[in-house]
Amino acid sequence: MITKWAKRNFIAAMRNIGWFSQHWTGGGNEPIPCVLFNGIKMKPAAFDYHRPTDMAAALALLDAHGADGKILAGGQSLVAAMNFRLARPGVLIDVNRLAELDYLRVEDGQLRIGALTRHAAFHRPVVDGPLGSLLSRIVDHVAHYPIRQRGTFAGSLAHADPASEWCLTATVLDAEIVVRSLRGERSIPAAAFFKGTFTTALEPDELITEIRLPLLDPGWRGGFSEFSRRAGDFALAMALAALKIEGGIIRAAKLGIGGVADRAIRLSAIEASLVGREATESSFRAAGAEASRAVEPGADIHASSEYRRDLIAAMVARALSEAAA
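Below or above, wherever it landed, is the structure these notes cover. (Residues numbered from 1 in each chain as written. Predicted model: local features only at pLDDT ≥ 70, side-chain atom pairs only at ≥ 80, totals over all residues. Heavy atoms only, no water.)

Description of the sheet that holds strand β15 (residues 237-246)
Defined as follows: Two strands are counted as paired when DSSP detects at least two bridges linking them. By definition, any uninterrupted DSSP run of H or I lasting at least four residues is a helix, any uninterrupted run of E lasting at least two residues is a strand, and each is numbered from the N terminus. Residues count as neighbours in contact if any of their non-hydrogen atoms are within 4.5 Å of one another. Every axis corresponds to a line fitted to the C-alpha atoms, with the helix fit spanning only the stretch in contact, and the corresponding angles, defined between N-to-C directions, vary from 0 to 180 degrees.
With antiparallel pairing, the four strands of this open sheet are ordered in space as β14-β15-β16-β17. Of all the strands in the sheet, the pair left with one neighbour each is β14 (220-227) and β17 (265-266). As paired elements, strand β16 (residues 249-258) and β17 share two bridges and run antiparallel to each other. Bridge assignment links Gly256 to a residue of β17, and that residue is Arg266. Against the sheet, helix α11 (residues 305-324) touches β14, β15 and β16, its axis set at about 150 degrees to β14.

Below you can see the structure in the form of structure tokens.
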């Protein structure tokens, strides 16, 4: 654990050797240029750093800087991309002082997730019933434990990585993403939010403030399955399923896959085909085979299309089986 004393001494030492190009003020909305280490450029391209203390200031900064401004919450994807100079924002807007965005609550039949809610919040069920249990199983697959302490649920959605567990969750469970700008507030269904790899419906001046997940009533049960080469690696394929079963017969289904295309895919046709079937392993294997034929998975250095197609069949069958257990 890093104590406040150790942190102060670290910052003082970095000042003495010229890490910061100007003194750290510790507050306010004035930009801090972050470019130099002893006169040598740091790994990221030059940027200005703002740390607003209220929502109005954060939205004003987004409005002023547009596409050149990037929100910093957990930074677990953004900072890495900046270090490789794959991302070169001219302005970072750190929202970690906006305490109003750090919450989890149930309201109007929805789990409402504030934009500063960390992945680690889901290590234990955050709500009673099937939804809380399902989220706590999914989070174990999100990156590594240290990353889950800083990364945020909302940041994962804004980043829109096709292999993101939370993007798949939002897609399958009919999430709404609430965004705000100086122009006002709007709610975007997950089905319309994700546009492709690292691409969303967010406008440059908009900030995600909340994610709303409909609660699952006690009749639902959920399952999740993911394959990656090592724990914490990006998924080569994953599946999320929720089933409502009565008398051994599937009465309702939610199903989707991720990591195999430019965004998470909701398998609506297979959901419909599951309704009325017996909740058996043969039904689940058949659904997996159907899913593998329904998509054209991409290929990369990690897996061929054919390999991912086999993984889709296996992950779907396993997720359905877990949901029925």
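A look at the packing of aromatic side chains
We describe a pair of aromatic rings using the distance from one ring centre to the other and the angle between the two ring planes. Put simply, the rule reads: Ring pairs shown here join Phe, Tyr and Trp side chains whose ring centres sit within 6.5 Å, with only the six-membered ring taken for Trp; geometry is labelled stacked below 30 degrees between planes, edge-to-face above 60, and tilted in between. Think of it in three bands: with a 1.4 Å probe and only protein chains considered, a residue is buried below 20% of the maximum accessible area for its type, exposed above 50%, and partly exposed in between. Placement of a charge over a ring requires the Lys NZ or Arg CZ to be within 6 Å of the ring centre, with the centre-to-atom vector within 35 degrees of the ring normal.
Per the counting criterion, the structure on display carries five aromatic pairs. Where Phe122 meets Trp166, the ring centres are 5.3 Å apart and the plane angle is 55 degrees; that geometry is what we call tilted. Note that Phe122 is positioned in the loop between β8 (110-114) and α4 (130-138) and Trp166 in helix α7 (residues 165-172), a separation of 44 residues in sequence. Of the residues examined, Phe122 reaches a relative accessible area of 1% and is grouped as buried. Arranged with centres 5.1 Å apart and planes meeting at 90 degrees, the rings of Phe193 and Phe194 form a pair that is edge-to-face. Judged by its relative accessible area of 0%, Phe193 falls in the buried class. Put simply, the rings of Phe122, Phe153 and Trp166 pair up and form one aromatic cluster. Geometry around Tyr103 places Arg105 over its ring, the cationic atom sitting 4.1 Å from the centre.

Re the pattern of salt bridges
Let me state the cut-off plainly: Between Lys or Arg on one side and Asp or Glu on the other, a salt bridge is scored when a side-chain nitrogen of the former is within 4 Å of a carboxyl oxygen of the latter.
As enumerated under the stated definition, the model contains 21 salt bridges in all. Between Arg186 and Glu206 there is a salt bridge, and its shortest N-O distance comes to 2.7 Å. Of this pair, Arg186 sits in strand β10 (residues 184-189) while Glu206 sits in the loop between β12 (199-200) and β13 (207-214), placing them 20 residues apart in sequence. Judged by relative accessible area, which is 34%, Arg186 ranks as partly exposed. Exposure remark for Glu206: the relative accessible area of 7% places this residue in the buried category. Glu271 serves as the salt-bridge partner of Arg266, at 2.5 Å between the closest nitrogen and oxygen. With relative accessibility at 9%, the residue Glu271 sits in the buried group. Each of Arg105, Glu107, Asp108, Arg112, Glu210 and Arg212 takes part in a single network of salt bridges with overlapping partners.

Some details on the side chain of Glu210
The criterion, for reference: Polar contacts here mean pairs of N or O atoms no more than 3.5 Å apart (in protein, one a potential hydrogen donor and the other a potential acceptor; neighbouring residues in sequence count only if both atoms are side-chain atoms).
You can see Glu210 is positioned in strand β13. Under the relative-accessibility criterion, Glu210 is labelled buried at 5%. A polar side-chain atom of Glu210 sits 2.5 Å from a polar atom in the side chain of Arg212.

Notes on the nonpolar core
As a reminder, the rule being used: Take the buried residues of types Ala, Val, Leu, Ile, Met, Phe, Trp, Tyr and Cys, join any two whose side-chain atoms come within 4.5 Å, and each joined set is a nonpolar core.
Within the largest apolar cluster, 54 residues are counted, with the highest numbers of intra-cluster contacts made by Leu157, Trp166 and Leu213. Once residues within four sequence positions are removed from consideration, Leu157 is found in contact with Trp166, Cys167, Ala170, Ile177, Phe193, Phe194, Thr200 and Ile211. Ranked by size, the runner-up nonpolar core spans 26 residues in total, among them Ala239, Leu311, Ala319 and Ala323.

Concerning α7
The buried fraction of α7 amounts to eight of the eight residues, a majority that puts the element mostly inside the structure. Every buried residue of α7 is listed here: Glu165, Trp166, Cys167, Leu168, Thr169, Ala170, Thr171 and Val172. The N-terminus of α7 is capped by Ser164, whose side-chain oxygen sits 3.3 Å from the backbone nitrogen of Trp166. Positioned one or two residues after α7, Asp174 has a phi angle of 60 degrees, which is positive.

Keep in mind these values describe shape, not function.
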